[in-house]
Amino acid sequence: MEPERIGPYRLERKLGAGGMGVVYAAWDERLERRVALKQIRPEVAGDLLRQRFRREARAVAQLDHPAIVRIHDLLETPDGDWLVLQYVEGPTLAQRLREGPLPPERAAALARDVLGALEAAHSAGLLHRDLKAENVVLAPSGRALVLDFGLAKLYAPGPGAPPGETAPGTAGVVGTYRAMSPEQANGLALDPRSDLFSLGVLLYEAATGISPFQAATPIATLARVCTHLQPPVRELVPAVPEPLSALIDSLLEKDVERRPRSADEALARIETGTGGAGTAKTPAPEAEKTVSFVPNRAPHHLPSAAAPESDPGLSVSATPYRGLRFRRLPLVASLALLVALGVFLAWRLRLPSSPSPPPGPLYVAVARPEVGLGAGREDVALAAAALQAASLRVLTSLEGVAAIPPGAPEPGEPALTVQRLSRLLAAAEVLTATLDCQAHQCQAVLRRQSGSDGKLIASTTPFEVPLDNPYLLDTAISTYLKPLYPDFRTQRGASELQVRAEDYQRYLRVQRTWEEKRPADLQPLLVELDQIRAGSPQFLDAYLLAASLEGYRFFQTRDAKDLGLALSTLGQARRLAPAEPMPLFNLFGVALPAGRLKEAEEALRELEQRLPGDARTLERRALLSERHGDKRQALELLRTAVDRHPSAAFLMDLANLELRLGEIPAARSTLEDLLRRLPGHIGGETLLAQIELEAESPARAAELYADLARRRPGFAVLSNLGLSQLLLGHFGEAATSLRRALSLAPTSYAAALNLGDAELLLDRRAEAASLYRRVLERVSQDPAPGDWEALAAKAQAQAHLGQRIEAAATIQQAVVIAPNNPEVAYDAALVYSVIGDTAAAAANAGRALALGYNRRWFALPWFDSLRNDPVFRKLLEKPGEKP
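Residues numbered from 1 in each chain as written. Predicted model: local features only at pLDDT ≥ 70, side-chain atom pairs only at ≥ 80, totals over all residues. Heavy atoms only, no water.

> What is the right way to read the overall build of the protein from this model?
Secondary structure assignment for the protein yields 34 helices and 20 strands. Counting only residues that meet the buried cut, the protein has 57% of its 883 residues in that class. Considering only intrachain contacts with a sequence separation of at least 6, the fraction spanning at least 24 residues in the protein is 65%. (Helix = DSSP H or I, 4+ residues; strand = E, 2+ residues; numbered from the N terminus. Buried < 20%, exposed > 50% of the residue type's maximum accessible area, 1.4 Å probe, protein only. Contact = heavy atoms within 4.5 Å.)

> I would appreciate a short explanation of the state of the cysteines in the present structure.
Each disulfide is one covalent bond, formed between the sulfur atoms of two cysteines. One pass over the structure, following the stated rule, counts one disulfide. Linked covalently through their sulfurs, Cys437 and Cys442 form a disulfide whose S-S length is 1.9 Å. Between Cys437 and Cys442, the S-S dihedral sits near 105°, and the bridge is therefore right-handed. Here Cys437 matches Cys442 in class, with each residue buried. (Disulfide = S-S within 2.5 Å.)

> Sorry, what's going on with the nonpolar core here?
Inside soluble globular proteins, nonpolar side chains tend to come together where they are buried. Ranked by internal contacts, the top residues of the largest apolar core, which has 111 residues, are Tyr826, Phe858 and Phe863. Other than its neighbours up to four places away in sequence, Phe863 contacts Tyr826, Ala829, Leu830, Ser833, Trp857, Phe858 and Phe872. In terms of nonpolar packing, the next biggest core, distinct from the first, is built from 61 residues, Ala57, Leu131, Ala133 and Leu145 among them. (Core = buried A, V, L, I, M, F, W, Y, C linked by side-chain atoms within 4.5 Å.)

> Would you explain the packing of aromatic side chains in this entry?
In this description, an aromatic ring pair is defined by two values, namely the gap between the centres and the angle between the planes. In the structure shown here, the tally under the stated rule is eleven aromatic pairs. Seen from their ring centres, Tyr485 and Phe488 are 6.4 Å apart, and the 65° between their planes marks the pair as edge-to-face. Residue classification places Tyr485 among the buried positions, given a relative accessible area of 1%. Taking the relative accessible area as the measure of exposure, Phe488 reaches 22% and is therefore partly exposed. Ring centres 4.6 Å apart and planes at 20° place the aromatic pair Tyr826 and Tyr853 in the stacked group. Remark: Tyr853 occurs in the loop between helix H33 (838–850) and helix H34 (870–876) and Tyr826 occurs in helix H32 (residues 822–835); sequence separation between them is 27 residues. (Phe/Tyr/Trp six-rings, centres within 6.5 Å; stacked < 30°, edge-to-face > 60°.)

> How should I be thinking about the pairing of strand S14 (residues 362–366) in this particular structure?
Regular strands place side chains that alternate from one sheet face to the opposite one. Burial analysis of S14 places five of its five residues in the buried class, the great majority of the element. Along S14, one buried face is formed by Leu362, Val364 and Val366 and the opposite face, lined by Tyr363 and Ala365, is buried too. One ladder, built from four bridges, connects S14 with strand S16 (residues 401–404); its direction is parallel. The residue of S16 that forms the bridge with Ala365 is Ile404. Inspection of the sheet shows S14 paired to strand S17 (residues 429–437) by three bridges, in the parallel sense. The residue of S17 that forms the bridge with Val366 is Leu431. (Pairing = 2+ DSSP bridges.)

> Explanation requested: H33 in the structure shown.
Quick reminder: α-helices carry 3.6 residues per turn. Residues three or four places apart thus point the same way. In this model, H33 (13 residues) spans 18 Å end to end at C-alpha, consistent with the 18 Å of a helix rising 1.5 Å per residue. Those residues of H33 not exposed but buried are Ala840, Ala841, Ala842, Asn844, Ala845, Gly846, Ala848 and Leu849. Looking at the buried residues of H33, the elements they touch are H32 and H34. After H33 finishes, the residue Gly852 shows a positive phi value of roughly 105°. (Expected span 1.5 Å × (residues − 1).)

> Sorry, what's going on with unusual backbone geometry here?
Positive phi, normally seen in glycine, also occurs at Glu32, with a value near 55°. Locating Glu32 in the fold gives a position in the loop between strand S3 (21–28) and strand S4 (33–40). A positive phi angle is found at Arg518, which is not glycine, with a value near 45°. In this fold, Arg518 is placed in the loop between helix H14 (501–517) and helix H15 (523–535).

> Teacher, can you tell me more about the pattern of salt bridges here?
Counted according to the given criterion, the structure contains 50 salt bridges. Arg596 is paired through a salt bridge with Glu599; the nearest N and O atoms lie 2.6 Å apart. Taking the relative accessible area as the measure of exposure, Glu599 reaches 25% and is therefore partly exposed. Measuring nitrogen to oxygen at the nearest pair gives 2.2 Å for the salt bridge that ties Arg632 to Glu663. With Arg632 in helix H21 (residues 631–644) and Glu663 in the loop between helix H22 (648–660) and helix H23 (664–677), the pair connects residues that are 31 residues apart, well separated along the chain. (Salt bridge = Lys/Arg side-chain N within 4 Å of Asp/Glu carboxyl O.)

> What is the right way to read the environment of Ser397 from this model?
By the element assignment, Ser397 lies in the loop between helix H11 (378–396) and S16. Between the C-alpha atoms of Ser397 and Arg489, which are 92 residues apart in sequence, the distance is 8.4 Å. From its side chain, Ser397 meets the backbone oxygen of Val394 in a polar contact 2.6 Å long. (Polar contact = N/O pair within 3.5 Å; in protein donor to acceptor, adjacent residues only side chain to side chain.)

> Help me understand the pairing of strand S19 (residues 456–459) in this model?
Of the strand pairs in this sheet, strand S18 (residues 441–450) and S19 are connected by three bridges, and their pairing is antiparallel. Its bridge partner lying in S19, Gln449 is registered against Leu456. Between S18 and S19, which pair antiparallel in sequence order, lie five residues; one of them, Gly454, sits at a positive phi of approximately 80°.

> Which parts of the structure should I look at to understand the environment of Asp73?
Within the secondary structure layout, Asp73 lies in strand S5 (residues 71–77). Among the residues examined, Asp73 registers a relative accessible area of 26% and is labelled partly exposed. Sequence-wise, Asp73 and Gln86 are 13 residues apart; in three dimensions their C-alpha atoms are separated by 9.8 Å. Beyond its immediate chain neighbours, meaning those up to four positions away, Asp73 contacts Tyr9, Arg30, Trp82, Leu83 and Val84.

> Is there a simple way to explain the side chain of His122 in this structure?
Within the secondary structure, His122 is located in helix H3 (residues 104–123). Judged by relative accessible area, which is 7%, His122 ranks as buried. At 3.0 Å, the side chain of His122 forms a polar contact with the side chain of Asp195.

> Looking at this structure, I do not really get the environment of Leu801. What am I missing?
For Leu801, the location among the structural elements is in the loop between helix H30 (788–800) and helix H31 (804–817). Since its relative accessible area comes to 25%, Leu801 is described here as partly exposed. When near neighbours in sequence (up to four residues on either side) are disregarded, Leu801 contacts Ala769, Tyr772, Arg773 and Leu776.

> When you look at the packing of helix H20 (residues 615–627) against H22 in this model, what are you seeing that I'm missing?
What describes two packed helices is the angle between their axes and the distance between those same axes. Packing of H20 against H22 brings their axes to within 12 Å, and their N-to-C directions diverge by 20°. Overall, the two elements H20 and H22 adopt an arrangement that is roughly parallel. For H20 against H22, the interelement crossing comes out left-handed. On H22, the residues that touch Ala615, Arg616, Glu619 and Glu626 of H20 are Phe650, Asp653, Leu657 and Arg660. By residue class, the composition of the contact of H20 with H22 is three nonpolar, no polar and five charged. (Axes fitted to C-alpha atoms, helices over the stretch in contact; angles between N-to-C directions. Parallel < 35°, antiparallel > 145°, perpendicular 65-115°, else oblique. Left-handed = near helix turned anticlockwise from the far one by under 90°. Nonpolar A, V, L, I, M, F, W, Y, C, P; charged D, E, K, R; others polar.)

Laid out in structure tokens, this is it:
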């Protein structure tokens, strides 16, 4: 918890944090003035850093210059040391440069202020050693002030300093890689000319918007600092006067002897060389200034203040696992159904056309943009959605790149760092983005980061994003993003964004509503998409999203009309973009769970021809093989897909299939692999609990489900927790869990049936009867009365209500529909046992066990009437077990 008060200072808000300290705005109640309080980071506090922290206070407190942030006080508290600093209203130079380079006259004024500060520090025997744009603040008066002497070093005795004192622990390379001098990069002795080199980097960035030495990695950056000769400033920005450009070049000399000898000498060159602000050319009007992209300089762009060279802790969002399939015993769904429910989010892959398959694509996860300024605003949310969509579209157009969207965030999961997102989606890299928005426009930065450690590979300069026209993002993203991937060429025939600006904005709103709210009534969204397609008939994404909603509604209602609409929409999408694989993936995702196996086969065959060896096609082939009854081939194909692309989704599908095949140890092993990669993965933990339920370990299952229910009390978790408690005979606890599940899904006949069973076992017959009648009412309203699941639930409710003849007729309908389904056989055994037909109950129990149903479920009290039946007792014996 953050403190509210430090001594006489009342903390108001956090201003920022750096590598060593956290800074707050505070109010001095004694002198009635605002100050800044800086505390050493508690997690890195130690004797060494506390010495450095106190030394900063002693050294900088000696300085008295209007361009240096003053120190008022030093506080030592049990929680650490605090500096009380002059409070300066205004942005840092790094924040200002997000708007574009400074006009030449402002760059010259900046140089004057910082050189004055350096002259004062150097005269006192102090080196700054970390001078950079992030450590210069721009006051409303226009003056620049230098702050953060956290790496300061006494290179010569200053006033009050003992001879020979140096900063403790300064051996080795310290500072910021892109801004340090060659001698600092090599760990050599430093003098004031090292700070002048850093000033040269700062002025180069201020005048051009580009870092002269920034590269993809720290080592490459240090190499450029020591060897690279930057283009003169005037080559990039002709408006900069020659004397200022020449001064910056002289400050950036590799040979320390060729730089100005002191800050005072450099200041004199400005005063005599530029002739003041009047000699500079008139800068472009503020409204016309943007950060321009400089061809062939992608690796050397100036990173924003929020873009460290390694950012493994960047928080991103993703959908970490597949959903659950609910009925009497909820199981994890197949991938095909998930694709049908969210097909428009499926990731695309383009491979170069060649006689033989390439070694594999570069998998890139496209994280949701991280919004800073403007967070919570609707227009900013749409801009963030447009930024992500445009990034996906551009990466999709590159040969050999597989762009993977993360989907919606999943509650209850650990925070998603770059590395976790990479492991979640089996992506080698992650494309991250930040967005900071003012009233009418935003500044965006894109970063290509390594998935293994989060290190920065390449970054764009900050660029403008208009809030009133997200459509313009597509062009801007293409301009800035493609140079980050210089080794990947644009796919020939790649589809372009063909949509009116107003239709694109409407589409983003529909997509956001669907992703975040999942409304029960989809018709308004479908009407909106129809209007969008009427205005922009070539806009592919609108067709894919419409097909997704129509497919989702079909799986909810089983109305053949919705299935026909989804298939028709996908047909239009295929005609619109015949070279795109997405309509085919989506067609497979709708056709397979709908039982349209011929259409699923045709779509998959075409995908296999276009994308030979692609892990996604292998997974789809596995799903189709299982539907055709060849589960062993399905298992072999799915394991191959996992070997090629071990994403969380693929591992979950593999564990599901192993579970369905009764290979419990293999399923456990797959999930253990998943949870090693992604600790706390809710989907993996949920399926592991399901396995324990299947493996006759209800106590362990109940323990796992109870933990999941505390973290994410969803319907499936609460339902399965209740079922585990039923198996343990804990009927009261089961009723509590199942009542919570029913409150989350009040229209679910399965939830009502399970809770009715618990109430009946507690001898609360009136409550149970009410719930069973609720099941009958709900099933009678079901638009798909031929569904065996609904029929089985109806039969059980009828049996418990004493409707013996009706129950027998209903369960027989379910058996006819799914004669080889072990769950139907089990439900039939349960119904016949409740209505007293022991012979039929024993026969169906034997069939369920022969089909692989778990013996544990026959321990429920519904089968008490069969306990004395020798045939039934024989059936329940485990192999090798003596009667």
